[in-house]
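If you want the building blocks of each chain, they are given just below.
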Amino acid sequence: MTKGLSINFAYTSFKWSNNAKHNAAVTVVIVGVANNSQIKKRVIYDGDNAKSVQNISPFLIEGPTVFVESATTPLIKGIPTMNFGNMPADGGKLILSDEEKEALIRDVPLSEKFIKPLIGAEDFINGKHRWCIWLYGEDENEYLQIEEFRRRINDLRVIRENSSRPQLAAIPHLFAQITQPLGVPFIIIPSTSSERREYIPIGYLDENNIAANSCMVVGSQDISLFGLLTSRMHMTWVKTVGGRLETRYRYSAQLCYNTYPFPKISEAKKAEIEEAAEEVLITRENYPGSTLADLYDPDKMPQDLREAHARLDDIVESCYPDYPFANDDARLECLFKLYEKMTARKE
């Protein structure tokens, strides 16, 4: 904020509409800025509610003027890098539906070893199934025995030769970008998720799954890291500093993961988080017929899953100096204080 100026009122995000027959999907915020000497009061408007506050932060909430800057490396020491999932750029040639996969394996049993689950954000949240032909590191003398693979690879070579990135025609058997750490389990986070949910549905998948680029991934055998990311404390941070697509959560490594402040903890406390995180995953498995969209619908979330999350939340929050927290405002106050302290230490 320019010296001497600050926010004196803010309308938080709302869907814009008018009397036109077909309204554009536009989300609006309104921010007023004034000279500090002229400000008599500061007000935050949220729908029909108005709240007078001492200060309005750059995130349009009550709080100090703290700027959270996009970061290229994690603030928490020792945690792995977060990447986008893998980008096919394949014209559909390396992706299979359930029916295509089953028919291919039925006709050519050898093909099964080269087919892996492909998990995008929509697939992950809504329990949909897709598959991909995954030939990274495989012996071409073996997979080129399969006529369907040869056909698809040749078709993809032509597609890429005529694309804006013709250099990719040199690898017509592979995804255009392979960014997922291979050979290790990974945490998967949908890049976009409904703002209605108390928690973004985050997963922990084994190395046999392939993440698509509509998700973010962290290769790690540390389930406690999954616990941190699926906690209410992290969700409070994401809701505040993360981006939005319309009003939906837009998760990014640079703004959400790399900037998240978390204190140094003991191995015993880390083990507690890991145990509680495993309980969340185990509890989900009690509902094999439900999708994550079902389980994390705030109106339908099973009680035992709520309780598993509440236990995890409490353990994660107990790691912070101002625990226990009365509400999310108190959580944010603690997080911003720790963020300022940790970023000052890095400078």
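Small disclaimer: the values here were computed from a predicted structure and weren't measured. (Residues numbered from 1 in each chain as written. Predicted model: local features only at pLDDT ≥ 70, side-chain atom pairs only at ≥ 80, totals over all residues. Heavy atoms only, no water.)

1. Things to note about the overall build of the protein
Line of reasoning, step 1. Along its length, the protein carries 11 helices and 15 strands.
Line of reasoning, step 2. Expressed as a percentage of the 347 residues in the protein, the buried residues total 45%.
Line of reasoning, step 3. For the protein, the share of sequence-separated contacts (at least 6 apart) that also reach a separation of at least 24 residues comes to 67%.
Line of reasoning, step 4. With the model as given, the accessible surface of the protein reaches about 18100 Å², and the carbon-plus-sulfur share is 48%. (Helix = DSSP H or I, 4+ residues; strand = E, 2+ residues; numbered from the N terminus. Buried < 20%, exposed > 50% of the residue type's maximum accessible area, 1.4 Å probe, protein only. Contact = heavy atoms within 4.5 Å. Areas by Shrake-Rupley, 256 points an atom, 1.4 Å probe, with all protein chains shown as cover.)

2. Regarding the sheet that holds strand β11 (residues 203-205)
Line of reasoning, step 1. The strand order β5-β13-β9-β11 describes an open sheet built from 4 strands, whose pairing is antiparallel. For this open sheet the edge positions go to β5 (83-84) and β11, each flanked by a neighbour on one side alone.
Line of reasoning, step 2. Where β5 meets strand β13 (residues 215-219), 2 bridges bridge the pair, whose relative direction is antiparallel. When the bridges of β13 are listed, Phe84 appears paired with Met216. (Pairing = 2+ DSSP bridges.)

3. Concerning the side chain of Asp123
Line of reasoning, step 1. Along the chain, Asp123 falls in helix α2 (residues 121-126).
Line of reasoning, step 2. Taking relative accessible area as the criterion, Asp123 reaches 7% and is therefore assigned buried.
Line of reasoning, step 3. Not counting chain neighbours up to four residues away, the residues in contact with Asp123 comprise Leu118, Lys128 and Arg130.

4. Details of unusual backbone geometry
Line of reasoning, step 1. At the junction of Tyr323 and Pro324, the peptide bond is cis and its omega measures out at 0 degrees in the coordinates.
Line of reasoning, step 2. Among the secondary structure elements, Pro324 is positioned in the loop between α10 (303-317) and α11 (328-346).
Line of reasoning, step 3. Of note, the phi angle at Ala89 is positive, near 45 degrees, even though the residue is not glycine.
Line of reasoning, step 4. The class of Ala89 is partly exposed, set by a relative accessible area of 34%.

5. Looking at the pattern of salt bridges
Line of reasoning, step 1. If you walk through the whole model with that rule in mind, you get 18 salt bridges.
Line of reasoning, step 2. For the salt bridge of Lys113 with Glu142, the shortest nitrogen-to-oxygen distance reads 3.3 Å. Residue Lys113 is located in the loop between α1 (98-107) and β7 (115-119), and its partner Glu142 is located in helix α3 (residues 140-143); the two are separated by 29 residues in the primary sequence.
Line of reasoning, step 3. Among the ionic pairs, Arg196 bridges to Asp297, the shortest N-O distance being 3.6 Å. Placement of the pair is Arg196 in the loop between β10 (192-193) and β11 and Asp297 in the loop between α9 (292-295) and α10, with a sequence separation of 101 residues. (Salt bridge = Lys/Arg side-chain N within 4 Å of Asp/Glu carboxyl O.)

6. Describing the side chain of Gln180
Line of reasoning, step 1. You can see Gln180 is positioned in the loop between α4 (147-161) and β9 (186-190).
Line of reasoning, step 2. For Gln180, the side chain forms a polar contact with the main-chain oxygen of Asn209, separated by 3.0 Å.
Line of reasoning, step 3. Within polar-contact distance, the side chain of Gln180 engages the backbone nitrogen of Ala211 at 2.9 Å.
Line of reasoning, step 4. If we skip the residues at most four places from it in the chain, Gln180 touches Asn86, Phe186, Asn209, Ile210, Ala211 and Val217. (Polar contact = N/O pair within 3.5 Å; in protein donor to acceptor, adjacent residues only side chain to side chain.)

7. Examining the pairing of β9
In summary, the side chains of a regular strand alternate between the two faces of the sheet.
Line of reasoning, step 1. Within β9, 5 of the 5 residues are buried, leaving the element largely enclosed by the surrounding structure.
Line of reasoning, step 2. Here β9 shows a buried face lined by Phe186, Ile188 and Pro190 and a second buried face lined by Ile187 and Ile189.
Line of reasoning, step 3. Pairing of β9 with β11 involves 3 bridges; the strand directions are antiparallel. Within β11, the residue paired with Ile188 across the bridge is Gly203.

8. Brief notes about the environment of Ile315
Line of reasoning, step 1. As for its position among the elements, Ile315 is in helix α10.
Line of reasoning, step 2. For the pair Ile315 and Lys269, spaced 46 residues apart in sequence, the C-alpha separation works out to 8.0 Å.

9. A word on the pairing of strand β4 (residues 49-53)
Line of reasoning, step 1. Bridge count for strand β3 (residues 42-46) against β4 is 5 bridges, and the pairing is antiparallel. The residue of β4 that forms the bridge with Asp46 is Asn49.
Line of reasoning, step 2. A loop of 2 residues connects β3 with β4, the two strands running antiparallel in sequence, and Gly47 in this loop sits at a positive phi of about 65 degrees.

10. So, the packing of aromatic side chains
Line of reasoning, step 1. Summed over all chains, the structure comprises 8 aromatic pairs.
Line of reasoning, step 2. Aromatic pair Phe114 and Phe149: ring centres 6.0 Å apart, planes at 75 degrees, arrangement edge-to-face. Placement of the pair is Phe114 in the loop between α1 and β7 and Phe149 in helix α4, with a sequence separation of 35 residues.
Line of reasoning, step 3. For Phe149, a relative accessible area of 1% translates into the label buried. (Phe/Tyr/Trp six-rings, centres within 6.5 Å; stacked < 30°, edge-to-face > 60°.)

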